[in-house]
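For reference, the chains in residue letters:
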Amino acid sequence: MTQHETLLDSYARLTVRTGLNIQKGQQLLITAPLDAVPLVRRITEHAYREGASLVTTFYADEATTLARFAHAPDEAFDTAQGWLFNGMAEAFRGGAARLAIAGEDPALLAGQDPGKLARANKARSQAYRPALELITGFVINWCVIAAATPAWAKSVFPGIPESEAMDRLWRAIFACTKADLPDPIAAWDRHNADLARRTDFLNRQRYRALRYKGPGTDLTLGLADEHAWKGGGGKALNGVFCNANIPTEEVFTAPHKDKVDGTLRSTKPLSYQGSLIDGIRVRFEAGRIVEMTAEKGEAAFRNLINTDEGAARLGEVALVPHSSPISASGIIFNNTLFDENAASHVAVGQSYTENIRDGSKRSKDELAALGANASLVHVDWMIGSGDLDIDGILPDGSSQALMRKGEWAI
Ligand code: ZN
Ligand code: ZN
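Below is a summary of the structure that appears in this document. (Residues numbered from 1 in each chain as written. Chains lettered and ligands numbered in written order. Predicted model: local features only at pLDDT ≥ 70, side-chain atom pairs only at ≥ 80, totals over all residues. Heavy atoms only, no water.)

Side note on the packing of aromatic side chains
- In total, this model carries 9 aromatic pairs according to the counting rule given.
- For the pair Phe85 and Tyr128, a centre-to-centre distance of 5.0 Å together with 65° between the ring planes defines the contact as edge-to-face. Of this pair, Phe85 sits in helix α4 (residues 82-93) while Tyr128 sits in helix α5 (residues 114-136), placing them 43 residues apart in sequence. By the burial criterion, Phe85 is buried, and Tyr128 matches it.
- Pairing Trp152 with Phe338 gives two aromatic rings, centres 6.1 Å apart and planes at 50°, and the pair type is tilted. Linking Trp152 in helix α6 (residues 150-156) with Phe338 in helix α11 (residues 336-339), this pair joins segments that are 186 residues apart in sequence.
- Note on Trp152: relative accessible area 0%, which makes it buried. (Phe/Tyr/Trp six-rings, centres within 6.5 Å; stacked < 30°, edge-to-face > 60°. Helix = DSSP H or I, 4+ residues; strand = E, 2+ residues; numbered from the N terminus. Buried < 20%, exposed > 50% of the residue type's maximum accessible area, 1.4 Å probe, protein only.)

So, in structure tokens, the structure goes:
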């Protein structure tokens, strides 16, 4: 094996063991870009060795996505493959694990008609809902990882030959995911223990709100009643301990959907469904975005927050130190899986049930009454930097320094 193949195999093994923790007799459903075939084959091999009963992969080909935008009839853009997502939901209800491999061209659809794009995204989000609910509800063990692809690599490292860009992106992926360490699985056990100590501390504080101060940011972000901080690995409702994101550096919880007030500025670009969005500035009133501008991709961001009522409210708040290994790499990945772990962030849209205590035992109305948000979308965007200060507001109203200049102060 070449050195790249050895690392790819180590990454595949880490994905199956630490990411998914695939169980004997369990089915596995994978979605992946075409360029990820070599990685998918190794993952499939490791999954079967661990006892998986059946591995099924759906590949996406970006050239055929572009063909749709170029040639499909206009009325076709409200169509989505509900049959596929219903089938996925059925597989999850039957106990299948889920692996998503990211690696898309961040600007694939940048030149396309924003109206068609918004309709296609909305149709897809609606059709995907039955499957997504089982994911956000953490009903089964699931994991998201990434594979370097030529278009993505060229967007991260412009102006160098494609093979060199691919090589640099793979090396960055292996480093950020710890796949290049001698024993990646043991390294992840230690990493999970560190994140668990952090979430234990935060859960003991029972903060009522977080207060953010930084350039362009002056925000009070109320937390949901009965919120629970999570980070690193966790146990799905099927009893399997898995790591939903590889890499992950964040600790995160549920904001209160009606209690966010003030201004907030993004600090890194966000890639959303083929559009690059940058320089977001928003103002919240009683939880809702009431004013917004973006330096780049403003129409795409506007369409996103107009998806439904919950898309203009927050469903996640996450803390990541500015010195995280991903941030320290200095690379802007144009991919949320990596960039969200380089900086503190928020997400508009759906909240995670696991971020409310006993969330999976509560009804949708109960969750909403506690402040959890509901939406067809969940999109993270980065607000952290070396200039951001965050205070935790304790139940008695006093405040505690939580982060200073982007680093933990506790
Ligand atoms: Zn997050
Ligand atoms: Zn998120």
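Now that the structure has been shown, we can carry on.
Overview of the coordination of the zinc ion (ligand 2)
- Each protein donor to the zinc ion (ligand 2) is listed here as Glu316 (OE), His378 (NE2), Asp380 (OD) and Asp380 (OD); together their distances run 2.0 to 2.5 Å.
- One way to put it: the 4 donor atoms around the zinc ion (ligand 2) meet at angles of 55 to 141°, and that makes the site irregular.
- Within one chain, the residues serving as donors to the zinc ion (ligand 2) are arranged as E-x61-H-x1-D. (Donors = N, O, S within 2.8 Å, 3.2 Å for Na, K, Ca; no water. Tetrahedral: all angles 85-135°; square planar, octahedral: opposite > 155°, others 65-115°.)

Quick notes on the packing of helix α1 (residues 3-20) against helix α8 (residues 184-205)
- Look at α1 against α8: their axes get within 10 Å of each other, and the N-to-C directions meet at 45°. By the angle between their directions, the pair α1 and α8 is classed as oblique. Taken as a pair, α1 and α8 cross one another with a handedness that is right-handed. Across from Ser10, Arg13, Leu14, Arg17 and Thr18 in α1, the residues of α8 making contact are Pro184, Ile185 and Trp188. (Axes fitted to C-alpha atoms, helices over the stretch in contact; angles between N-to-C directions. Parallel < 35°, antiparallel > 145°, perpendicular 65-115°, else oblique. Left-handed = near helix turned anticlockwise from the far one by under 90°. Contact = heavy atoms within 4.5 Å.)

Some details on the pattern of salt bridges
- All told, the structure shown has 22 salt bridges when counted by the stated rule.
- The closest approach of N and O atoms between Arg357 and Glu226, which form a salt bridge, is 3.8 Å. Note that Arg357 is positioned in the loop between β17 (345-349) and α12 (364-370) and Glu226 in the loop between β6 (217-223) and β7 (230-231), a separation of 131 residues in sequence.
- Judged by relative accessible area, which is 42%, Arg357 ranks as partly exposed.
- In this structure, Asp358 engages Lys361 in a salt bridge whose closest nitrogen and oxygen atoms are separated by 3.6 Å.
- Here Asp358 falls in the partly exposed class, since its relative accessible area comes to 48%.
- Several salt bridges converge on common partners, so that one network encompasses Lys257, Asp258, Arg288, Glu309 and Arg313. (Salt bridge = Lys/Arg side-chain N within 4 Å of Asp/Glu carboxyl O.)

Thoughts on the coordination of the zinc ion (ligand 1)
- Those protein atoms acting as donors to the zinc ion (ligand 1) are Glu250 (OE), Glu316 (OE), Glu340 (OE) and His345 (NE2), and they sit at 2.0 to 2.4 Å.
- Coordination geometry of the zinc ion (ligand 1): the 4 donor atoms subtend angles of 74 to 155° at the metal centre, consistent with an arrangement described as irregular.
- Spacing between the donor residues of the zinc ion (ligand 1) along the chain follows E-x65-E-x23-E-x4-H.
- A separation of 3.4 Å is found between the zinc ion (ligand 1) and the zinc ion (ligand 2), which share Glu316 as a coordinating residue.

Brief notes about the sheet that holds strand β4 (residues 142-146)
- Across the sheet, 4 strands lie side by side as β2-β1-β3-β4; this open sheet has parallel pairing. Two strands lie at the open edges of the sheet, namely β2 (54-60) and β4, each paired on one side alone. Sheet twist, expressed as the mean angle between neighbouring strand axes with direction ignored, is 15°.
- Here strand β1 (residues 27-33) pairs with β2 via 7 bridges, running parallel. Residue pairing for β2: Ala32 is matched across the bridge by Tyr59. (Pairing = 2+ DSSP bridges.)

Brief notes about the sheet that holds β7
- Here 5 strands make up an open sheet; going across it, the order is β7-β10-β16-β17-β18 and the pairing antiparallel. Only two strands of the sheet have a single neighbouring strand rather than two, namely β7 and β18 (378-382).
- Bridge analysis of strand β10 (residues 251-253) against strand β16 (residues 314-319) gives 3 bridges, and the strand direction is antiparallel. When the sheet's bridge partners are listed, Thr253 is paired in β16 with Val317.

Considerations on helix α9 (residues 298-305)
- Looking at α9, one finds that the buried residues are Ala300, Phe301, Leu304 and Ile305. Buried residues of α9 fall within an arc of 125° about the axis and therefore sit on the same side.
- Packing partners of the buried residues in α9 comprise β12 (270-272), β13 (275-277), β14 (281-285), β15 (288-293), β17 and β18. (Arc of directions from axis to C-beta.)

Quick notes on the state of the cysteines
- Counted under the stated rule, the structure contains 0 disulfides.
- Note on Cys143: no disulfide assigned, nearest cysteine sulfur contributed by Cys242 at a separation of 7.5 Å.
- On the basis of relative accessibility, which here comes to 1%, the residue Cys143 falls in the buried class.
- With no disulfide of its own, Cys176 lies closest to Cys143 among cysteine sulfurs, the gap being 15 Å.
- Cys176 gets classed as buried once you look at its relative accessible area, which sits at 6%. (Disulfide = S-S within 2.5 Å.)

Comments concerning the environment of Glu298
- Secondary-structure assignment places Glu298 in helix α9.
- With a relative accessible area of 28%, Glu298 lands in the partly exposed category.
- Between the C-alpha atom of Glu298 and that of Ser275, which follows or precedes it by 23 residues, the distance is 9.8 Å.
- Setting aside chain neighbours within four positions, we find Glu298 in contact with Met292 and Thr293.

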